[in-house]
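# Chains, contacts and geometry: an overview
Here are the chains, one letter per residue:
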Amino acid sequence: MFDFPRNTGWIEVICGPMFSGKTEELIRRLRRAQIARQRVAIFKAILDTRYDADQLVSHSQQTIPSISVKSAWEILNHAKHADVFGVDEAQFLGVELIEVSAQLANDGKRMIIAGLDTDYRGLPFEPVPQLLAIAEYITKTLAICVQCGNPAKFTQRIVESADLILVGAADAYEPRCRRCFRPPEPVYSLKNQLSLGEIKK
Ligand code: ZN
């Protein structure tokens, strides 16, 4: 048994709510690969301007140099220069990231992808759900509910806004458990699921 497969690529997904340590865990794995002298390339969406344009920074101030991209397709331009690909904030890179990740993994690359699995409404947040379906390894990180201390799976928005994403506004959110989470639509309904599908088209 090896720790990881050999002579093949694969996909790892690290997902969970905000404040659950996803970026920290991503940085930890990427650093281990760097220590093993593997060629590492790290990406994030240009949209995510929090903290620093050219490095990943976790909430606990760990940093690692990164490349900012407008589109997931740009990651393919680096295919020849790395064996391990890290992607942070996958929810900002759209459904294109699914095809890009599958292609790179099929070409023998190790893909490590971190992102939100649900949005502030508690609904699946593409592309992470589809990445989970095609990944070999899944880690779900949990935060701690600010209201009661239970493990927190949800990201509660605590300001009023009609936007799906409030970029760089960490103070507009807090982690909550299932019991304390108050989504804008109270029921996890089929109607919500269908409207998500429409947004994608
Ligand atoms: Zn709670």
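Calculation notes
- Residues numbered from 1 in each chain as written.
- Predicted model: local features only at pLDDT ≥ 70, side-chain atom pairs only at ≥ 80, totals over all residues.
- Heavy atoms only, no water.
- Pairing = 2+ DSSP bridges.
- Helix = DSSP H or I, 4+ residues; strand = E, 2+ residues; numbered from the N terminus.
- Axes fitted to C-alpha atoms, helices over the stretch in contact; angles between N-to-C directions.
- Contact = heavy atoms within 4.5 Å.
- Buried < 20%, exposed > 50% of the residue type's maximum accessible area, 1.4 Å probe, protein only.

With that settled, consider the sheet that holds strand β6 (residues 84-88). Read from one edge of the open sheet, six strands run β5-β2-β6-β7-β1-β8, paired in parallel fashion. At either margin of the open sheet sits one strand with a lone partner, and together these are β5 (67-69) and β8 (137-140). Recorded for the sheet is a direction-independent mean angle of 20° between the axes of neighbouring strands. In terms of strand pairing, strand β1 (residues 10-16) meets strand β7 (residues 110-116) through seven bridges, oriented parallel. Counterpart to isoleucine 11 in the pairing with β7 is methionine 111. Relative to β7, helix α1 (residues 22-35) is tilted by about 165°, and along the sheet it contacts β1, β2 (40-45), β6, β7 and β8.

Moving on, we get to unusual backbone geometry. With an omega dihedral of 10°, the bond running from glutamate 126 to proline 127 counts as a cis peptide bond. Residue placement: proline 127 occurs in the loop between β7 and α3 (128-134). You will see that phenylalanine 19, though not glycine, has its phi angle at about 70°, which is positive. Position of phenylalanine 19 among the secondary structure elements: in the loop between β1 and α1. Under the relative-accessibility criterion, phenylalanine 19 is labelled partly exposed at 31%. Although it is not a glycine, glutamate 89 adopts a positive phi angle of roughly 55°. By secondary structure assignment, the location of glutamate 89 is in the loop between β6 and α2 (96-106).

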